[in-house]
Amino acid sequence: MRIPEPDNHSNLSSSYDFVPEAGPSCVTLDKASHSNGINKENGHSAPVSNGTTSNGSPAMGNGLAKHSSSIPRVSLPGTTLYDDPYLDREEFVRLVIQSLRDVGYIESAATLEAESGYSLEAPVVSEFRQHILRGAWADAEPLLVELGVTDTDSLLDAQFLIGKQKYLELLEARKTTAALQVLRNDLAPYSTTSEQGELHVLSSLMMCSDPQDLRRRASWDGASGISRRQLLDDLQRQYEIPMEISLGSPMRFVQLLTSCLADYIPSSTMIPQRRFSTLLAQSREYQRYRCLYHNSPVDPSSSSLFSDHTCDKESFPRITTTILEVHSDEVWNVAWSHDGTRLASASKDKTAIIWRIGLEAEPSSRDCIVEFILRDHPYPLGCLAWSLDDSILSTSADHLILLWNTKTGALMKTLENHAETVSALVWLPDGSGFMSGSLDRKIILWDMEGELRESWNDIAIRVTDAAVTPDVRRLVAVGMGYNPPPTLARANVRDASPPIVSNGNGNAVVPRSPENRMIIYDLKTGQVELSVHMEGELTSVKISEDSRYALINHAPDEIHLWDLEEFRLARKFTGQRQGHHVIRSCFGGIDGNFVVSGSEDRNVYVWHRDTGTLLEVLEGHGLGSVNSVAWNPRNKRMFASCSDDNTIRVWEAPVSAGELLRGFGISASEPEMIGKGKGKVKQPWAYNDGGL
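Note that the structure is a prediction, hence the values are computed from the model and not measured.

The next point concerns the overall build of the chain. Within the chain, the regular secondary structure consists of 14 helices and 33 strands. For the chain, the proportion of its 692 residues judged to be buried stands at 49%. A separation of at least 24 residues holds for 54% of the contacts in the chain among residues at least 6 apart in sequence.

Put into structure tokens, the structure is as follows:
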């Protein structure tokens, strides 16, 4: 049976055009009186009338009263679902009814309401929703108390939200006098202390030149947009779970899942829109959180509700597919270009090399070409960094900074402003220039052409590394030889030092002098936001793509993950070896959910970021330290490492031995050469001496 088209005043839908599809049900089939208007009797309430009320007027139904009256009620024992005490049957059925309506199965939803005896919402909820969606503010406000908004503060907040929408719509309609009355009579009396600032902003909107200017300045899409539906969401005050799950224990995640608070209209009265979809999204994110080897893009075609999400360990990059050997001495640093097609390496042999790595998916058919050997360095190289557009490569050799044209290999400029070793080079994410840090206690900001823009002199530490957050809000620097600035005691700076701790035998241990520090600066003002004492030497800092976390290599034998929003140590990673050398780590994977680091025991270590689980210890490099690692920014299943053995290794997911051997022209009788570390095959590369 088809659903008849309702008129514009029907209670069937919550959408703006009031069609009976893709929206929560707004009515009830049962009129039994309950405190919240919802039938609780599951099959034992009075039957609904056949489309009319006792006074002859049409019944408030969903258009299927005749159909539903013929459906027998089903009475089931108990009140829970599947014998699970935490799953209430009524809540589940009401969510199913809402979901059926959301996808357009209106008859099925009505049938389930009739058969179960559970109604999605009470009539007052439907009435309130329709008043809001039609802009009938005077009719909507009196219903707030009936909907359970009885707390004085909550009632004032709800009335303020409704008044704000009414005010903006009047301004949009150029009814300035009426809007001023709303501002004085409806907003000012209901505003709390925390809303006084917003009230001031709202009053300034009176000066908007036209409706378009109003919508732009208020970040509001107008009465004809989704603002009224958003108002309904705000009135319910449902706080959604972030799609990026906060680090912590599974219990922390459970707390997040249960943090949907209905401060205004209780969610049991007005179910949040598309609630079932929200629960499924939370389940999907939780499964990804628990998938230790998750490294696959979100693909709806490969996602199913019938099975849990899992990523195959075999798709993780843990096999060396390419060994690059041109450097004649230890390789100390590597960095990928932003487009992921070129790899730069810095060596003790006083050269930097730009390699072109082919895009072919099959390693055996991929070319790895030396594009340029950059020779004009008077000292061994320590740092290198690509400009945002990959047109410039900056390198450091002792106190010098050199800028190279990556299209020609030509040296563009040499900068000599630092007095000691340059230990950090980082291009600004907005492409406006780069910053350098040095052991001379200077951080210098340069423009694209290498002209000095600003210099921070006499900072508190001798910088050993630094990084800028992708949102360009903060600079995180690590270093040694901390000297407290004279203004620290007067500034509003958090100076976090660890308390006295126990050595495990019940004896107090006083921390050593605060030589090593992590300092977080406000990039715009240069002010210190946080200064943290650390016991060991700090050699590397990397920032996550969402600007939330800083990854810091900490000797001896630890890597620290710092939360830059909460200013706390989120996690420690252990297992690798670091005591005497500069070791660099990085984030990796499609969601930045891996932590990868070199080690002084010639291995590469990989952890799961959110749990701290050590996933892989990758062998292959020769004697000496693995000094640096870099994850390809475009190919999330590829990373590179460099070592004291003079080589660079490219790591990828395993391929079949037969395919790899055929690609190298090697007999299949030598399978022990694949993935065994020593004797691993070398990817052929073309050598083009484009060095200068």
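So much for the structure itself; the text now carries on.
To continue, consider the pairing of strand 2 (residues 84-88). Pairing of strand 1 (residues 80-81) with strand 2 involves two bridges; the strand directions are antiparallel. Note on strand 2: the bridge partner recorded for T80 is D88. Count of turn residues in the strand 1/strand 2 antiparallel hairpin: two residues, of which Y82 carries a positive phi of about 55°.

Counting 20 residues, the largest nonpolar core has F128, I132, I162, L231, L235 and I265 as the members making the most contacts within it. At the level of elements, helix 4 (123-134), helix 5 (137-140), helix 6 (143-146), helix 7 (152-172) and helix 11 (227-236) are the ones that each hand at least two residues to this core. Dropping the residues within four chain positions of it, I132 is found in contact with W137, A140, I162, R228, L231, L232 and L235.

With that out of the way, let us pick up the sheet that holds strand 6 (residues 352-357). With respect to topology, four strands assemble into an open sheet ordered 4-5-6-7, the strand pairing being antiparallel. The sheet terminates laterally at strand 4 (331-336) and strand 7 (368-374), the two strands that pair on one side only. Looking at each pair of strands side by side, their axes are set apart by 20° on average, direction ignored. Taken together, the six bridges between strand 6 and strand 7 define a ladder with antiparallel strand orientation. In the sheet register, A352 faces strand 7, and the bridge partner there is L374.

Bringing the confidence of the model for the chain into the picture now. Summarising the model, the chain shows a mean pLDDT of 78, and 74% of its residues fall at 70 or more. Counting contacts from residues 238-263, a segment whose pLDDT is below 50, to residues more than four positions away or on other chains yields 50 contacts. A low-confidence stretch, residues 487-514 (pLDDT under 50), is modelled with 40 contacts involving residues beyond four sequence positions or located in other chains.

Let us look at the pairing of strand 22 (residues 528-534). By the criterion of burial, strand 22 is predominantly enclosed, with five of the seven residues buried. By the bridge criterion, six bridges tie strand 21 (residues 516-522) to strand 22 in an arrangement that is antiparallel. Its bridge partner lying in strand 22, Y521 is registered against V528. Between the end of strand 21 and the start of strand 22, which pair antiparallel, lie five residues, with G526 showing a positive phi angle near 80°.

Moving on: the environment of E172. Inspection of the secondary structure puts E172 in helix 7. The exposure class of E172 is buried, given its relative accessible area of 16%. Between the C-alpha atoms of E172 and P211, which are 39 residues apart in sequence, the distance is 5.0 Å. With sequence-adjacent residues up to four places away left out, E172 is seen in contact with P211, L214, R215, W220, G222 and A223. Polar contacts involving the side chain of E172 include one to the side chain of R215, which spans 2.7 Å.

Attention now moves to the packing of helix 7 against helix 9 (residues 196-204). Where helix 7 contacts helix 9, the two axes come as close as 11 Å, and the packing angle between them is 15°. Of the possible angle classes, the one that applies to helix 7 and helix 9 is roughly parallel. Crossing angle aside, the handedness with which helix 7 passes helix 9 is left-handed. Taking contact as the criterion, the partners of F160, K164, Y167 and L168 in helix 7 are, on helix 9, E198, L199, L202 and S203.

Scanning all chains against the criterion turns up eleven aromatic pairs. Both rings, one in F639 and one in W651, keep their centres 6.0 Å apart while their planes meet at 10°; by these two values the pair is stacked. Of this pair, F639 sits in strand 32 (residues 638-643) while W651 sits in strand 33 (residues 648-652); the two residues are twelve residues apart in sequence, bridging distant segments of the chain. Three or more aromatic residues joined by ring pairs form one cluster here, namely Y293, F316, F594, W631, F639 and W651. Above the face of the Y482 ring, R517 is positioned so that its terminal group lies 4.1 Å from the ring centre.

Cis geometry is adopted by the peptide bond preceding P556, which originates at A555 and carries an omega value of 5°. Note on placement: P556 falls in the loop between strand 24 (549-554) and strand 25 (558-563). The residue F567 is not glycine, and still its phi comes out positive at about 55°. Assignment of secondary structure puts F567 in the loop between strand 25 and strand 26 (568-574).

A surface patch of nonpolar side chains, amounting to about 330 Å² of accessible area, comprises Y82, L87 and F92. Counting through the fold element by element, L87 comes out in strand 2. Relative accessible area serves as the criterion here: at 38%, L87 is assigned to the partly exposed category.

So, on to the environment of F434. With respect to the helices and strands, the residue F434 is situated in strand 13 (residues 433-438). C-alpha separation for the pair F434 and S387, spaced 47 residues apart in sequence, amounts to 7.9 Å. Those residues in contact with F434 that sit more than four places away from it in its chain are I401, L403, L415, L425, V426, W427, L428, I444, L445, W446, D447 and G450.

Turning our attention to helix 4. With twelve residues, helix 4 extends 16 Å from end C-alpha to end C-alpha; this agrees with the ideal 16 Å at 1.5 Å per step. Most of helix 4 is tucked away, with nine of its twelve residues classed as buried. Listing the buried residues of helix 4 in full gives V124, V125, S126, F128, R129, Q130, H131, I132 and L133. Following helix 4 by one or two positions, G135 adopts a phi angle in the positive range, close to 75°.

Looking now at the pattern of salt bridges. Applying the stated rule across the entire model yields 24 salt bridges. R129 is the salt-bridge partner of E121, the closest N and O atoms lying 2.8 Å from each other. A relative accessible area of 1% places E121 in the buried class. The partner of R215 in a salt bridge is E172, with the nearest N and O atoms 2.7 Å apart. In this pair, R215 sits in helix 10 (residues 211-218) while E172 sits in helix 7, placing the two residues 43 residues apart along the sequence. Connected through salt bridges with shared partners, the residues D471, R473, R474, E529 and E565 form a single ionic network.

Attention now moves to the sheet that holds strand 27 (residues 585-588). Strand pairing in a sheet relies on backbone hydrogen bonds, with the paired strands running either antiparallel or parallel. Pairing in this open sheet of four strands is antiparallel, and the strands run 27-28-29-30 from one edge to the other. Bordering the open sheet on either side are strand 27 and strand 30 (614-618), each of which pairs with just one other strand. Pairwise comparison of adjacent strand axes, ignoring direction, gives a mean angle of 20° for this sheet. Pairing of strand 29 (residues 604-608) with strand 30 involves four bridges; the strand directions are antiparallel. Counted as the bridge partner of W607 is L614 from strand 30.

Thresholds, definitions, all that
- Residues numbered from 1 in each chain as written.
- Predicted model: local features only at pLDDT ≥ 70, side-chain atom pairs only at ≥ 80, totals over all residues.
- Heavy atoms only, no water.
- Helix = DSSP H or I, 4+ residues; strand = E, 2+ residues; numbered from the N terminus.
- Buried < 20%, exposed > 50% of the residue type's maximum accessible area, 1.4 Å probe, protein only.
- Contact = heavy atoms within 4.5 Å.
- Pairing = 2+ DSSP bridges.
- Core = buried A, V, L, I, M, F, W, Y, C linked by side-chain atoms within 4.5 Å.
- Axes fitted to C-alpha atoms, helices over the stretch in contact; angles between N-to-C directions.
- pLDDT = per-residue confidence, 0-100.
- Polar contact = N/O pair within 3.5 Å; in protein donor to acceptor, adjacent residues only side chain to side chain.
- Parallel < 35°, antiparallel > 145°, perpendicular 65-115°, else oblique.
- Left-handed = near helix turned anticlockwise from the far one by under 90°.
- Phe/Tyr/Trp six-rings, centres within 6.5 Å; stacked < 30°, edge-to-face > 60°.
- Lys NZ or Arg CZ within 6 Å of the ring centre and 35° of its normal.
- Patch = residues over 30% accessible without salt bridge, like charges linked within 9 Å, V, L, I, M, F, W, Y side chains within 5 Å.
- Areas by Shrake-Rupley, 256 points an atom, 1.4 Å probe, with all protein chains shown as cover.
- Salt bridge = Lys/Arg side-chain N within 4 Å of Asp/Glu carboxyl O.
- Expected span 1.5 Å × (residues − 1).

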